[in-house]
Amino acid sequence: MSCAAAWYPPSSALGRRGCRRARRPCSSSVRPRAAAGQHQQEGGPAGGVEAPRLVLHDSLDAAGVATAHARAAREGFADQVGRLTRVSAGASIAISRGADLARAALCVAAEDDSLVSHSSVPLPVDAFIARLDDLSSGFCAGGNFPPYRAPPEVFFDYLDRYLYVHKGFRRTNGVSDVRTMYLHSVLTCRSGSALMLALIYSEILKTVRIYGLLDFDAEIFFPTDLNGLPRGYDKQKSKLGDESHIMTSKSLLVEILRTLKGTFWPFQSNLSSSLFLNAVASNHHGPGTSGDYQTRSHGNLSAIEMAAAKAAQHRLMRGVWTNVRFGDMRRALAACERLILLPHDPHELRDYAALLYHCGYYEECLHYLSLYQTAMVGQSPSNRLEILEYEAVNTLRARVTLILAEDGWSNRRPAASYWTKNSEPW
């Protein structure tokens, strides 16, 4: 989660600037009821029905894995998500109203760090907030700030030079190094994804605005190519088409979580397919393979197919985490659960159900599949991929229904058996 020479800021660095002292720390635990209510408020897929519990932390507790730090970080993330209104969620990150995006991103990093590090010390979120504050305030002092009443072009030239030249931040693409997707590692290594660099850029603009030094409407151009850097511009001089390069507060969080989900998804057999289809395909052929399961009838399940599903579960219990490149079930589940807390797309319910199936949580899997299908009522698949996914949902639901129909299934819970000592990510 951190560089070889990573440095955690000392606790004495906390509270150096009064403008952030009121930020709430990550504490207590997440309440699924609040998440369901948020779905209803935002017109999400829950449809007013309270979702079942999110299983990751409880299942780890049952297996004897400490989750206090992960729960605290999750609550910190949920607290920031709860501050997103319809207006602030759709506002540009250059404005950054409502949720504290930097704290939300650090809480994501803190939870994932706790899930894989087994450290008795939580990732110091407040210390990294202080480091980000120092970076932002450093632009306003020490000769880094442009002359008084400089035009916007000069202002952003100074800002770009400060961040990308003087401080040495650079963009890194690819998923070979997951540190580029976590804000604390980017602040430490000064190398990160376009999403993390855009977040840092927005924090600097926020600080300049707090100091009353910004007298024009600033916007951030988010690059869509593989090499571009986030850069600012005067919104009053924007061109037609620039709006597609504006990152909103909600879209930034969604893209961060979707990137993490895709990186740690345990089933990567067919990169041209969807994550969900890969997960369902593994039910027939096992992890790491692919096949034409889509052509099979979801109403013709046999005992052999059910045995194949259980075999896939057994292989996962034996451990598929020989290398992060092959997925990380803990962090994939965590990303899915956070996307559900952040109402965005009903397909997240479907993808989460696919992971729950492989973890042996068939009742919860069926419930989330039902929520997904309810949310999709009235929508028909419009292309081949959507048709395949539609058929795969029906196939998975039929299989789960048969498994739950077995006598005595309710007495066999997978909570303590799934997270075995062989399923560590190293």
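In the annotation of an unreviewed UniProt entry, the protein is listed under the name Protein SirB1 N-terminal domain-containing protein and assigned to Urochloa decumbens.

Undergrad: Explanation requested: the overall build of the protein in the structure shown.
TA: Secondary structure assignment for the protein yields 17 helices and four strands. Residue burial in the protein is summarised as follows: out of 426 residues, 53% are buried. Considering only residue pairs separated by 6 or more positions, the protein has 73% of its internal contacts joining residues 24 or more positions apart. Carbon and sulfur atoms make up 52% of the accessible area of the protein, which amounts to about 18700 Å² in all.

Undergrad: Teacher, can you tell me more about the packing of helix 14 (residues 347-359) against helix 15 (residues 362-375) here?
TA: In a packed pair of helices, the relevant descriptors are the angle between the two axes and the axis-to-axis distance. Between helix 14 and helix 15, the shortest axis-to-axis distance is 8 Å and the interhelical angle comes to 165°. On the basis of the axis angle, helix 14 is roughly antiparallel to helix 15. Crossing hand, helix 14 versus helix 15: left-handed. Contacts between helix 14 and helix 15 involve H347, L349, R350, Y352, A353, L356 and Y357 from the former and Y362, E364, C365, Y368, L369, L371 and Y372 from the latter. In the contact of helix 14 with helix 15, the residues fall into 11 nonpolar, one polar and two charged.

Undergrad: Help me out: how do you make sense of the side chain of S274 in this one?
TA: Mapped onto the fold, S274 is located in the loop between helix 10 (249-264) and helix 11 (275-285). For S274, a relative accessible area of 11% puts it in the buried group. Within polar-contact distance, the side chain of S274 engages the backbone nitrogen of L277 at 3.2 Å. In contact with S274, other than residues within four places in its own chain, are L385 and E389.

Undergrad: How should I be thinking about the pattern of salt bridges in this particular structure?
TA: Between side chains of opposite charge, a pair can form as their charged atoms come close. Applying the stated rule across the entire model yields 23 salt bridges. E111 is the partner of R74 in a salt bridge, and the nearest nitrogen-oxygen pair spans 2.7 Å. Within this pair, whereas R74 is found in helix 3 (residues 68-81), its partner E111 is found in helix 5 (residues 101-117), the two being separated by 37 residues in sequence. Looking at E111, the relative accessible area reads 0%, which means it is buried. Connected through shared salt-bridge partners, R53, D58, D61, R71 and E364 make up one network.

Undergrad: Just checking my understanding: could you explain helix 13 (residues 329-341) for this structure?
TA: Residues that lie three or four places apart on an α-helix share one face, since the helix turns once every 3.6 residues. With 13 residues, helix 13 should cover 18 Å at 1.5 Å per step; its first-to-last C-alpha distance of 18 Å lies within 8% of that length. Burial runs high along helix 13: 13 of the 13 residues are buried. For helix 13, the side-chain oxygen to backbone nitrogen distance between the N-cap and R330 is 3.2 Å, and the N-cap itself is D328.

Undergrad: Would you mind showing me how to read the packing of aromatic side chains here?
TA: Working definition: an aromatic ring pair is given by the centre-to-centre distance plus the angle between the planes. Throughout the structure, instances matching the rule amount to 10 aromatic pairs. Summarising the aromatic geometry, the rings of F156 and F216 are spaced 5.6 Å apart at their centres and angled 80° between planes, so their arrangement reads as edge-to-face. On the criterion of sequence distance, the pair formed by F156 in helix 7 (residues 152-166) and F216 in the loop between helix 9 (194-210) and strand 3 (218-221) is long-range, its members being 60 residues apart. The exposure class of F156 is buried, given its relative accessible area of 4%. Here F216 falls in the buried class, since its relative accessible area comes to 17%. Taken together, F139, F145, F155, F156, Y162 and F216 form an aromatic cluster joined through their ring pairs. We note R161 situated over the ring of Y158; from NZ or CZ to the ring centre the distance is 5.0 Å.

Undergrad: Quick question: what am I supposed to make of the nonpolar core here?
TA: Note on soluble globular proteins: their nonpolar side chains tend to be buried together. The biggest cluster of nonpolar side chains holds 110 residues, and the ones touching the most others in it are F155, F169, L183, I200, L205, Y352 and Y368. In this structure F169 touches L135, L163, Y164, V186, L187, R190, L197 and I200, once residues within four positions along its chain are discounted.

Undergrad: Is there a simple way to explain the environment of R83 in this structure?
TA: One can find R83 in the loop between helix 3 and helix 4 (86-89). Here the alpha-carbon distance between R83 and G98, two residues 15 residues apart in the chain, equals 5.4 Å.

Undergrad: Would you mind showing me how to read unusual backbone geometry here?
TA: Trans peptide bonds make up most of the peptide bonds, and negative phi angles are found at most residues other than glycine. Residues other than glycine seldom take positive phi values, yet R149 does so here, at roughly 60°. Take R149: it is sitting in the loop between helix 6 (125-139) and helix 7. The phi dihedral of R190 falls on the positive side, at around 60°, and the residue is not glycine.

Undergrad: Just checking my understanding: could you explain the packing of helix 14 against helix 16 (residues 384-405) for this structure?
TA: Direction vectors running N to C along helix 14 and helix 16 enclose 40°, while the axes themselves pass 12 Å from each other. Here helix 14 is positioned oblique relative to helix 16, judged by the angle of their axes. Where helix 14 crosses over helix 16, the two elements pack in a sense that is left-handed. When helix 14 is examined against helix 16, the residues R350, A354 and Y357 are found in contact with a partner set consisting of E389, V393, L396, R399, V400 and I403.

Undergrad: I tried to follow a nonpolar patch on the surface on my own but got confused; where do I start?
TA: There is a patch of nonpolar side chains on the surface, built from I210, Y211 and L213 and spanning about 270 Å² of accessible area. Looking at the element boundaries, Y211 is found in the loop between helix 9 and strand 3.

Undergrad: Could you clarify how one ought to interpret helix 6 in this entry?
TA: For helix 6, which comprises 15 residues, the first-to-last C-alpha distance of 22 Å matches the rise-based estimate of 21 Å (1.5 Å per residue) to within 8%. Where helix 6 is buried, its residues meet helix 5, helix 7, helix 8 (183-189) and helix 9.

Procedures and definitions
- Residues numbered from 1 in each chain as written.
- Predicted model: local features only at pLDDT ≥ 70, side-chain atom pairs only at ≥ 80, totals over all residues.
- Heavy atoms only, no water.
- Helix = DSSP H or I, 4+ residues; strand = E, 2+ residues; numbered from the N terminus.
- Buried < 20%, exposed > 50% of the residue type's maximum accessible area, 1.4 Å probe, protein only.
- Contact = heavy atoms within 4.5 Å.
- Areas by Shrake-Rupley, 256 points an atom, 1.4 Å probe, with all protein chains shown as cover.
- Axes fitted to C-alpha atoms, helices over the stretch in contact; angles between N-to-C directions.
- Parallel < 35°, antiparallel > 145°, perpendicular 65-115°, else oblique.
- Left-handed = near helix turned anticlockwise from the far one by under 90°.
- Nonpolar A, V, L, I, M, F, W, Y, C, P; charged D, E, K, R; others polar.
- Polar contact = N/O pair within 3.5 Å; in protein donor to acceptor, adjacent residues only side chain to side chain.
- Salt bridge = Lys/Arg side-chain N within 4 Å of Asp/Glu carboxyl O.
- Expected span 1.5 Å × (residues − 1).
- Phe/Tyr/Trp six-rings, centres within 6.5 Å; stacked < 30°, edge-to-face > 60°.
- Lys NZ or Arg CZ within 6 Å of the ring centre and 35° of its normal.
- Core = buried A, V, L, I, M, F, W, Y, C linked by side-chain atoms within 4.5 Å.
- Patch = residues over 30% accessible without salt bridge, like charges linked within 9 Å, V, L, I, M, F, W, Y side chains within 5 Å.

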